[in-house]
Amino acid sequence: MSKKLAVAAAALATVAFAGAAQARDQIRIVGSSTVYPFTTAVAEQFGKTGKFKTPVVESTGTGGGFKLFCAGIGPDHPDLTNASRAIKKSEVETCGKNGVADIVEMKVGYDGIVLAASKKAKHMDVTRAQLFLALAKEVPQGGKLVPNPYTAWNQIDPKLPAQKIEVLGPPPTSGTRDAFIELVMEVAAESFPELKDLKKTDEKAFKKAYASIREDGGYVEAGENDNLIVQKLDANPNAFGIFGYSFLDQNADKLQGSMVDGVAPTFDAIAAGKYPVSRPLFVYAKKAHVGQIPGIKEYLAEYTSEKAWGKTGYLADKGLIPMPDAERKEWAARVNGLEALKMQ
Amino acid sequence: MTDNSPTAAAAHRPSLDAAAHVRRRYAAERRFKAIGLGAIFLALGFLAILLWTIVSNGLSAFMQTYIRVDVRFDAESVAGEDYQGAIKSALYARFPAVESRGERRELAALLSSGADTALRRMLTADPSLVGTTKPVWLVASDDVDMAIKGHISRQPGASGNRLTDRQLGWLGELEAAGTVEKRFNTILLSSGDSREPELAGLWGAVVGSVFSLVITLIVSFPLGVATAVYLEEFAPKNRWTALIEVNINNLAAVPSVVFGLLGLAIFLNFLGMPRSAPLVGGLVLALICLPTIIIAGRAALKAVPPSIREAALGLGASRLQVVNDHVLPLAMPGIMTGTILGMAHALGETAPLLMIGMVAFIVDIPASPLDPSAVLPVQVYLWADSPERAFVERTSAAIMALLLFLGAMNLAAILLRKKFERRW
């Protein structure tokens, strides 16, 4: 009964405030928490100019963002969405079904995923194949998959330190984990002949093999909060953590990044595309909302300006790895011309 | 069982045995008291640790580093609103030896990118400043702030320094000249959220929390009290009321994120209310509060002695008069305590607000319950997730603000109860 009453009260309230939802003069952005620090920084700068209201940026995760973004056209639906991966074909189809036809894709820059440890720890230099052996649930051995037998790094390679395998990383709900699996585990899996054969015969089993992270204590799911991992690494020099580059950048006095495939996770190495574990970040915009919601075009122009996403722009200060000059120019032209996305 | 009769027991047990028995019982009582006391001290200890960590982490956030620079308000930059330019020229004038572009960039980075708002405010207050040169205290950048507070290293040459050796040198020079000062951080208490820690404030979230809680109170208090009164005083005791009672008790245990989903489905999708608005947040929180208020309200109504009802009825009052004039006023302190407890619970919720879009970066301070807004726990959550080091202390400061808010609400509950409580 109380619920019914509440609904009735809510209905009354809506009648009282009818029309409030109709007119919207503020850009609304949803999506990935990885892109959130950059999109919010641009939103703040954009709001400071005083011509438009500061956009509202929600942190919903990439998948959740696309769900909201693709739900329809009109002031009730967000105008832009952040994504830490490119839009999927299925998502474009959902969008199309709901009338969201023309989507403008904007590549923002890159984000490195780092393996880091306390400065008190020994410096580490691993290959992706070694990381696979350390973290996969099942590893290839003698022609078949066996439950991961490794408990110390030097069991994988005598050159690695003689310390327990203990890696703190994001849970499966995180986009960072998805990217880590795609960029490290999947690539490494193909370097093992057993798994390569498996890929040819049974694609699903192959996917399961590289996407399953060990659950016997070698990999600790440390939650979505990267600051927590930073604190834990500081307290425990034997542990390694997996998180976004900006957290390493901000805590460079406490942490050191491990080299992956011989490349250290530095700003320059990621920007030059030498560091293997980096992913592009995207923002998607609805073309149909341009002209309906004030400021979208101007917001995109601010995002693509050199003072924002350039080599020395304020987004680089926030930890974004900018694209090379030519690529930036190309994307800026594409975005400011509101060129709609075409799926192959 | 003849053994149980008193005479048989006395005959059965010698008096020595009885004394030992009494001693044992006293010992058991002492043990129980000690355990109880131990539990209280343990709880207090944990509370002390919690408060100590939060306060020791967050206290420094209430101070912010400012740097004094002699700014020239030349007509040109004022006309072009290029206050950043005026600040930069002032800095370059302070360190004339700095000439290369890269070095100048580093020098300018000592001050916050939002330092120009101070100049804008000064000029709006006093337009006659144009053309003069005035010493102005400007907000330092978050890295400088962290270095001055000792949260990051100031050792030149140390690896992983956020500030370059040159910046540390300039900072030392400015400090030696007495132009670096820590002042009370008014920005933290008066502005909205920002991506720059030194410009980020809690006020937007505080206003959002107040709006949400007022809506929650307006909706849930009358509904909850009416429900409690009806169920306790008027409703027939049958299967239906029993079913409703069980459901209300169950609702109190439903995870709050479920209420968020309900809010998304009904308020946003069906009724088309605006996303991220404290109005919707307040309504969702009201749903979470309702079971608590109803349960506490019924308990308070039950505690009113039946003799009062009977006396009023005996004097010819109607049932509505009995409830309105006698039972409800006597039960009010208990109902209010329950309401405040429910509201305090609602104040700390973030999970249901995620669903209705209140976990968001919102810079503008909301002017009405229809404007997008965050609330205090959401601000804590968003800051805790930010990579910038200066947000660590600000997160703790936000938690302190949340605790203060909570303390104020509980104090209000105690005062109200003291004022209206009646004993019999």
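Residues numbered from 1 in each chain as written. Chains lettered and ligands numbered in written order. Predicted model: local features only at pLDDT ≥ 70, side-chain atom pairs only at ≥ 80, totals over all residues. Heavy atoms only, no water.

This part takes up the overall build of chain A. Helix and strand content of chain A: 16 helices and 13 strands. In summary, chain A has a C-alpha radius of gyration of 23 Å against a globular reference of 20 Å for 344 residues, a match within 12%. Taken across its 344 residues, chain A has 54% of its residues classed as buried. Here chain A has roughly 14,600 Å² of accessible surface; of this, 55% comes from carbon and sulfur atoms. Taken together, the 43 basic and 40 acidic charged side chains of chain A have centroids lying 3 Å from each other. (Helix = DSSP H or I, 4+ residues; strand = E, 2+ residues; numbered from the N terminus. Rg over C-alpha atoms; globule rule 2.2 N^0.38 Å. Buried < 20%, exposed > 50% of the residue type's maximum accessible area, 1.4 Å probe, protein only. Areas by Shrake-Rupley, 256 points an atom, 1.4 Å probe, with all protein chains shown as cover. Lys, Arg positive; Asp, Glu negative; His and termini not counted. Charge placed at Lys NZ, Arg CZ, Asp CG, Glu CD.)

By size, the foremost hydrophobic cluster in this structure holds 144 residues, and its most contacted members are F132(A), W153(A), M185(A), F243(A), Y303(A) and L315(A). Residue contributions to this core peak at eleven residues, all from helix 13 (residues 278-302) of chain B. Once residues within four sequence positions are removed from consideration, F132(A) is found in contact with E138(A), V139(A), P140(A), M185(A), A188(A), A189(A), F192(A), L195(A), A209(A) and Y210(A). (Core = buried A, V, L, I, M, F, W, Y, C linked by side-chain atoms within 4.5 Å. Contact = heavy atoms within 4.5 Å.)

Residues and elements named next belong to chain A. Per the stated rule, a full pass over the model turns up eleven aromatic pairs over all chains. Taking 5.4 Å as the distance between ring centres and 85° as the angle between the ring planes, the aromatic pair formed by F46 and Y299 counts as edge-to-face. With F46 in helix 2 (residues 36-48) and Y299 in helix 13 (residues 296-303), this pair connects stretches of sequence that are 253 residues apart. For the pair F46 and Y299, a shared accessibility class is recorded, and that class is buried. (Phe/Tyr/Trp six-rings, centres within 6.5 Å; stacked < 30°, edge-to-face > 60°.)

Right, let's get into the domain arrangement of chain B. All names here are of chain B. As far as domains go, chain B holds domain 1 (2-59), domain 2 (61-196) and domain 3 (203-420). A C-alpha centroid distance of 38 Å is found between domain 1 and domain 3. Taken residue by residue, the interface counts six residues in domain 1 and six residues in domain 3. Summed over both partners, the interface of domain 1 with domain 3 comes to about 470 Å²; 79% of that surface belongs to carbon and sulfur atoms. Interface area lost by domain 1 to domain 3 is led by I54, N57 and G58, which between them contribute 77%. Run the count over domain 1 and domain 3 and you get zero salt bridges. On the surface where domain 1 and domain 3 come into contact, there are zero residue pairs in polar contact (both at pLDDT 80 or more). Broken down by class, the residue content of the side of domain 1 that touches domain 3 amounts to four nonpolar, two polar and no charged. (Domains from an automatic or database assignment. Buried area = accessible area lost by both parts, 1.4 Å probe. Salt bridge = Lys/Arg side-chain N within 4 Å of Asp/Glu carboxyl O. Polar contact = N/O pair within 3.5 Å; in protein donor to acceptor, adjacent residues only side chain to side chain. Nonpolar A, V, L, I, M, F, W, Y, C, P; charged D, E, K, R; others polar.)

Accessible area lost when the parts come together is the quantity often used to give the size of an interface. Facing 46 residues of chain A, the contacting portion of chain B comprises 44 residues. Summing the contributions of chain A and of chain B, the shared interface buries around 4,100 Å²; its carbon and sulfur component is 56%. On inspection of chain A and its partner chain B, the count reaches five salt bridges. Between K318(A) and E196(B) there is a salt bridge; the shortest N-O distance is 3.7 Å. At the junction of chain A and chain B, the tally comes to 18 residue pairs in polar contact (both at pLDDT 80 or more). For the side of chain A that touches chain B, the elements supplying multiple residues, two or more each, are helix 1 (2-16), helix 2, strand 2 (56-58), helix 10 (226-235) and helix 11 (245-250) of chain A. Examining the composition of the side of chain A that touches chain B, we find that nine residues originate from one element, helix 1 of chain A, more than from any other. Where strand 2 of chain A lies against strand 4 (residues 360-361) of chain B, two bridges are found, and the strand directions are antiparallel. (Pairing = 2+ DSSP bridges.)

So, about the pairing of strand 10 (residues 240-244) of chain A. Residues and elements named next belong to chain A. Among the five residues of strand 10, five are classified as buried, and the element is accordingly described as predominantly covered. With five bridges connecting them, strand 4 (residues 103-118) and strand 10 associate as antiparallel partners. Looking across to strand 10, one finds that A117 is bridged to F240.

All names here are of chain A. Here chain A is partitioned into domain 1 (23-111 + 279-336) and domain 2 (112-278). On a C-alpha basis, the centres of domain 1 and domain 2 stand 30 Å from each other. With twelve residues of domain 1 in contact, the opposing surface of domain 2 contributes 14 residues. Approximately 990 Å² of surface area, both sides summed, lies buried where domain 1 meets domain 2, with 58% of it carried by carbon and sulfur atoms. Contact with domain 2 buries area across many residues of domain 1, yet D111, R279 and I321 alone supply 56% of it, more than any other trio. At the junction of domain 1 with domain 2, the criterion picks out zero salt bridges.

Before going further, it helps to examine the sheet that holds strand 3 (residues 180-184) of chain B. All names here are of chain B. A sheet is described by the order of its strands in space; here three strands give the open sequence 2-1-3, paired in antiparallel fashion. Of all strands in the sheet, those bounded by a partner on one side alone are strand 2 (133-139) and strand 3. Averaged over all neighbouring strand pairs, the angle between strand axes comes to 40°, with direction disregarded. Of the strand pairs in this sheet, strand 1 (residues 63-72) and strand 2 are connected by seven bridges, and their pairing is antiparallel. Directly across from Y66, in strand 2, lies its bridge partner V139. Sheet strands in contact with helix 4 (residues 83-94) are strand 1 and strand 2, and its direction is about 85° off that of strand 1. (Axes fitted to C-alpha atoms, helices over the stretch in contact; angles between N-to-C directions.)

Residue and element names in this part refer to chain A. Of the pairings in the sheet, the one linking strand 6 (residues 138-141) to strand 7 (residues 144-147) comprises four bridges and is antiparallel in character. In the sheet register, E138 faces strand 7, and the bridge partner there is P147. Counting the residues between successive antiparallel strands, the hairpin from strand 6 to strand 7 contains two residues, one of them, G142, with a positive phi of roughly 55°.

In the predicted model, chain B carries a mean pLDDT of 89, and the fraction of residues at 70 or more is 96%. If you check the scores for this complex, the pTM reads 0.83 and the ipTM reads 0.80. (pLDDT = per-residue confidence, 0-100.)

Residues and elements named next belong to chain A. It is the contact of helix 2 with helix 13, at a shortest axis distance of 10 Å, that shows an interaxial angle of 115°. The handedness of the crossing between helix 2 and helix 13 comes out as right-handed. From helix 2, F38, T39, V42, A43, Q45 and F46 reach across to helix 13, where they touch E298, Y299, E302 and Y303. Here the residues of the contact of helix 2 with helix 13 sort into six nonpolar, two polar and two charged. (Left-handed = near helix turned anticlockwise from the far one by under 90°.)

We now examine the pattern of salt bridges. Under the defined criterion, the tally for this structure stands at 35 salt bridges over all chains. For the salt bridge of R85(A) with E91(A), the shortest nitrogen-to-oxygen distance reads 3.0 Å. Close ionic contact of E245(B) with R298(B) constitutes a salt bridge, the shortest N to O distance being 3.6 Å. With E245(B) in helix 11 (residues 239-251) and R298(B) in helix 13, this residue pair connects regions lying 53 residues apart in the sequence. On the basis of relative accessibility, which here comes to 32%, the residue E245(B) falls in the partly exposed class.

All names here are of chain A. Here P78 lies in the loop between helix 3 (62-69) and strand 3 (80-83). Put simply, P78 and F66 are twelve residues apart on the chain and 9.8 Å apart in space, counted from C-alpha to C-alpha. Ignoring anything within four residues of it in the chain, the contact list for P78 reads R28, V30, L68, F69, K286 and H289.

This part takes up the packing of helix 15 (residues 319-347) of chain B against helix 18 (residues 390-420) of chain B. Residue and element names in this part refer to chain B. It is at 9 Å that the axes of helix 15 and helix 18 come closest, and there the two elements cross at 175°. On the basis of their axis angle, the class for helix 15 and helix 18 is roughly antiparallel. Residues P333, M336, T337, I340, M343, A344 and L347 of helix 15 form the contact with helix 18, whose own contacting residues are L402, F405, L406, M409, N410, A413, L416, R417 and F420. For the contact of helix 15 with helix 18, a count of residues per class yields 13 nonpolar, two polar and one charged. (Parallel < 35°, antiparallel > 145°, perpendicular 65-115°, else oblique.)

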